[in-house]
Amino acid sequence: MGGPTSIFIFSLALLAILTGCGQEKAEPKEHSRVFVQTVKPVDFAAAVTLTGDIQARVQTDLSFRVGGKIIQRRVDVGDRVTAKQVLAKLDPKDLQTNVDSAQAQVVAEQARVKQTAAAFVRQEKLLPKGYTSRSEFDSAQAALRSSQSALAAAQAQLANAREQLGYTALIADAPGVITARQAEVGQVVQATMPIFSLARDGERDAVFNVYESLLVEPQPDAPITVRLLDNPNIKAMGKVREVTPAVAANSGTVQVKIALSALPEGMQLGSVVSATANAPAKASVELPWAALTKDLHEPAVWLVDGDGKAQLHKVTVARYLTGKVIIRDGLKGGEKVVVAGGQLLHPGMAVEVAQPPDQAQAQGAQP
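Rules used throughout
Residues numbered from 1 in each chain as written. Predicted model: local features only at pLDDT ≥ 70, side-chain atom pairs only at ≥ 80, totals over all residues. Heavy atoms only, no water. Helix = DSSP H or I, 4+ residues; strand = E, 2+ residues; numbered from the N terminus. Buried < 20%, exposed > 50% of the residue type's maximum accessible area, 1.4 Å probe, protein only. Contact = heavy atoms within 4.5 Å. Areas by Shrake-Rupley, 256 points an atom, 1.4 Å probe, with all protein chains shown as cover. pLDDT = per-residue confidence, 0-100. Expected span 1.5 Å × (residues − 1). Phe/Tyr/Trp six-rings, centres within 6.5 Å; stacked < 30°, edge-to-face > 60°. Salt bridge = Lys/Arg side-chain N within 4 Å of Asp/Glu carboxyl O. Pairing = 2+ DSSP bridges. Core = buried A, V, L, I, M, F, W, Y, C linked by side-chain atoms within 4.5 Å. Domains from an automatic or database assignment.

**Topic: the overall build of the chain**
- Secondary structure summary: the chain contains four helices and 24 strands in total.
- In the chain, buried positions account for 29% of the 367 residues.
- Long-range pairs, those at least 24 residues apart, make up 73% of the contacts in the chain between residues at least 6 apart in sequence.
- A total of about 23,200 Å² of accessible surface is found on the chain, and carbon and sulfur atoms cover 54% of it.

The structure is reproduced here in C-alpha cells:
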C-alpha cells in the first residue's frame, strides 16, 4: 500500500509544479535595442539629368490661304526645302472659274466705259453750240464716271481672283526641313489648316520638359553642357533662353529651351540629347532609408533624447535617392536618429543604444 500511495503523492506534487510554471508570465521588455546615427549637416547639391531633343529656333506651320482639294504633294517628312519652293497644290478649277468670270466682267465694263466716253464727247462738242442742254451733258458725264468706277472695281475683282488662284500652290517662305505632315493627296482642306511643319534653318535649341519642383531655385547663368545621348563625347554648350510660364496639365512639366552656340558634327535637328543641372548647395542631412518613418501622413524619424527615450519627430524630405534620403528641414545637427530597430518604438519608450558590430569589435580590441 505504501508504494502506490507514494507514487500518487509524487504525481500531485509534479502536477502542482507544472501548473505553477504555466501561470508564470514573462516580464514585459522595458526597452528596445536600436542603432542610432548622430546628425551632421552637410552641403548637398542635387544633380538632375534630363533628356530632350534638338529643335529649330523657329518652327512654322505651313497652310493654304484658300480651301480646296489637294491634288499634288511634292515633299515628305525629312525633306530639305528651299525658299519659294512649291510644296503642294490644290485643285484650281473653282478658283479658275472665278478668274474667268472676273475677266468677263472687266471686258463688259471696258465696253461700257468706251460707250459712255463716246456719248460724253458728243455732249461736250454740242454744248458750246447750243445743240444740247446742260442736264444732258451732266448725265453723260455722270454715266462716264460711273462706268469708269465700275471698271476699276471689276479690275480689282480680277486681280483678287488671280491672287486667290495663286494661293492654290503652297510655297515655302524660308529654307528648312519638313518635320511633320498633316494632310494627304485627295483630302479637302480648309484655309489656314496646317499641312506641313517647317523647321527653319538657323539657330538651334535643346528643348527639355522639366518638373516644376526642379525650378524652384533661380536658373543659374552658367553655361550648360548638352551631350548627345548615343555618344556623350559629342557635346555643345548653351544657356537657358526660355522657360514656359505655364505648366502642362497632362505631364506637370514646363518646357525649358537652351540656346546652343553651335552644333558639333553628329548633333543635328531631332537628335536626342541629355543635360545635367546642379541645384545650389544647401545644408542637408543624409540618412539611410531605414531611418524614415511617418507621423500620420507626414515623414518623420525617431530621435533618442537625453533621457534615453524615443521621440517621434517630423522632417521634410528634399530628395529620395538609392538607399538614402536627403532631409531638408527638421534636423539641425547633433540629434541622435534611430537608423535601425525603430519598428516597435512608441513615443516615450526607453531604448538601449547598441553599437554597430564593427565599432563593438574595434572597442573590444582596445587594451
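**Structural notes on the confidence of the model for the chain**
- Looking at the chain as a whole, the pLDDT averages 83, with 82% of positions reaching at least 70.
- By mean pLDDT, helix 4 (residues 357-365) is the weakest element of the chain at 46, and strand 7 (residues 86-90) is the strongest at 96.
- Predicted confidence is poor over residues 24-28, with pLDDT under 50, and the contacts of this stretch with residues over four places away or in other chains come to zero contacts.
- In this model, residues 358-367 is a region of pLDDT below 50 whose contacts with residues beyond four sequence positions or in other chains number two contacts.

**Considerations on the environment of Ala56**
- Relative to the elements of secondary structure, Ala56 occurs in strand 3 (residues 47-56).
- Among the residues examined, Ala56 registers a relative accessible area of 5% and is labelled buried.
- In this structure the C-alpha to C-alpha distance between Ala56 and Asp205, which are 149 residues apart in sequence, comes to 6.1 Å.

**With respect to helix 2 (residues 93-129)**
- The terminal C-alpha atoms of helix 2 lie 55 Å apart, and with 37 residues this matches the ideal 54 Å at 1.5 Å per residue to within 8%.
- Where the residues of helix 2 are buried, they touch helix 3 (134-166).
- Phi turns positive, to about 80°, at Gly130, one or two residues after helix 2.

**Structural notes on the packing of aromatic side chains**
- For the structure on display, the rule yields one aromatic pair.
- Both rings, one in Phe120 and one in Phe137, keep their centres 5.3 Å apart while their planes meet at 35°; by these two values the pair is tilted. Here the residue Phe120 occupies a position in helix 2, and Phe137 occupies one in helix 3, the gap between them amounting to 17 residues. By the burial criterion, Phe120 is buried, and Phe137 matches it.

**Observations regarding the pattern of salt bridges**
- Applying the stated rule across the entire model yields 16 salt bridges.
- Put simply, Glu352 and Arg33 hold a salt bridge, and the shortest N to O gap is 2.9 Å. Placement of Glu352 in strand 24 (residues 351-353) and of Arg33 in strand 1 (residues 32-38) is noted, with a sequence separation of 319 residues between them.
- By relative accessible area, Glu352 is classed as partly exposed at 30%.
- Linking Arg134 and Asp138 is a salt bridge whose minimum nitrogen-to-oxygen distance equals 3.8 Å. Of this pair, Arg134 and Asp138 both sit in helix 3, separated by four residues, roughly a single helical turn.
- Look at Asp138 and you get partly exposed, because its relative accessible area is 35%.

**What to know about the sheet that holds strand 7**
- Ordered in space as 8-7-5-10, the four strands form an open sheet in which the pairing is antiparallel. A strand with exactly one partner marks an edge of an open sheet, and here the two such strands are strand 8 (169-171) and strand 10 (188-189).

**Focus: the environment of Lys294**
- Counting through the fold element by element, Lys294 comes out in strand 18 (residues 293-295).
- Separated by 19 residues in sequence, Lys294 and His313 place their C-alpha atoms 8.9 Å apart.

**Observations regarding the nonpolar core**
- Of all hydrophobic cores here, the largest spans 28 residues; its most connected members are Phe64, Leu87, Ile195 and Phe196.
- The set of elements that each furnish at least two residues to this core consists of strand 7, helix 2, helix 3 and strand 11 (194-200).
- Residues from two domains meet in this core; each of domain 3 (61-90 + 170-199) and domain 4 (92-167) gives at least three.
- Judged by nonpolar contacts, the second largest core, of 17 residues, contains Val48, Ile54, Leu228 and Ala275.

**Things to note about unusual backbone geometry**
- Positive phi is not limited to glycine here, since Lys84 has a value of about 75°.
- Looking at the secondary structure, you find Lys84 in the loop between strand 6 (80-81) and strand 7.
- On the accessibility criterion, Lys84 (68% relative accessible area) is exposed.
- Positive phi values are uncommon outside glycine, yet Thr192 reaches one of about 75°.

**Description of helix 3**
- For helix 3, spanning 33 residues, the distance from its first C-alpha to its last is 48 Å, which sits close to the expected 48 Å at 1.5 Å a residue.
- Here helix 3 has its buried residues at Phe137, Ala140, Leu144, Ser147, Leu151, Ala154, Leu158, Ala161 and Leu165.
- Residues of helix 3 that are buried make contact with helix 2.

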